Amino acid sequence: MQHGTEQMSPSSDSGARVLLFSTRNLNQHVSTCHRYEFEDVIAAADKVDVLAPNRPPKRRERRFVRYGKRMLRQQPPLIDGEIHLTREYDLFVGMFRRPQDLRYVRLINELKEKCRLSVCLFDEVWPDDIARSSRSDLESLAQFDFIFLNVEDGVEPLKEYTERQPQFMPYGVDALSFCPYPEGPKRSIDVFSMG
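As the structure is a computational prediction, the values presented were derived from the model and not from experiment.

Basis of the calculations
Residues numbered from 1 in each chain as written. Predicted model: local features only at pLDDT ≥ 70, side-chain atom pairs only at ≥ 80, totals over all residues. Heavy atoms only, no water. 1 Å grid on protein atoms, 1.4 Å probe; cavity = no way out; pocket = protein on both sides within 12 Å on 5 of 7 lines; lining within 4 Å. Points joined across faces, edges and corners; volume = space filled by probe spheres on them. Nonpolar A, V, L, I, M, F, W, Y, C, P; charged D, E, K, R; others polar. Core = buried A, V, L, I, M, F, W, Y, C linked by side-chain atoms within 4.5 Å. Buried < 20%, exposed > 50% of the residue type's maximum accessible area, 1.4 Å probe, protein only. Helix = DSSP H or I, 4+ residues; strand = E, 2+ residues; numbered from the N terminus. Contact = heavy atoms within 4.5 Å.

A. Just the layout of surface pockets, in detail. In this structure, the second largest pocket encloses a volume near 530 Å³. In this structure, the second largest pocket is lined by 13 residues; those nearest its centre are His34, Glu37, Gly172, Val173 and Phe178. Taken together, the residues of the lining of the second largest pocket sort by class into nine nonpolar, two polar and two charged.

B. Representation of the nonpolar core in the model. In this structure, Phe122, Leu141 and Phe144 are the most contacted members of the largest nonpolar core, which totals 28 residues. Broken down by secondary-structure element, the contributors of at least two residues to this core are strand S1 (18–21), strand S4 (89–96), strand S6 (115–122), strand S7 (146–149) and helix H6 (155–159). Ignoring anything within four residues of it in the chain, the contact list for Phe144 reads Phe92, Phe96, Leu102, Val105, Ser118, Val119, Cys120 and Arg164. Ranked by size, the runner-up nonpolar core spans 11 residues in total, among them Val18, Ile42, Val48 and Leu121.

Following this line, the structure appears as structure tokens:
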């Protein structure tokens, strides 16, 4: 799996059947590590090309300009230019945190033509996230054949914006890989994240 591909177009000779769009190089925060682990599971299950674009150099804008754009929902994607697919895939998997991240899908040329099936996986989409999303972001859902959310409360509000039936898909945890048996450590709290 490629973690830091600088290419905007996946390799045309990889033989991969799946194209996985990842924001791992755009948003590197500890709260998103479970999504990247899930991407690693997908990449291990089949031949996968990972499209993980890097951030361009920082844009220089004044603080009030950035704040104004955020209030008007005019935040541009963190990547510059379009993404060109040079080959066909059986499956496209887009893993996104919230509907605003669908702005990256609009940058992928010929997504429906190059990928037979497409799946959108949302991480933590709440009803108010959907209400705050722009119509153009939500219209990008039309490109997906399947839409999955890991928050059940977001399924009903998202139905209003797409012809597809969003599905609730809770995460699972590989408990054995995190089990300290047979040498259990002292009981303590090393990391605590409350919501």
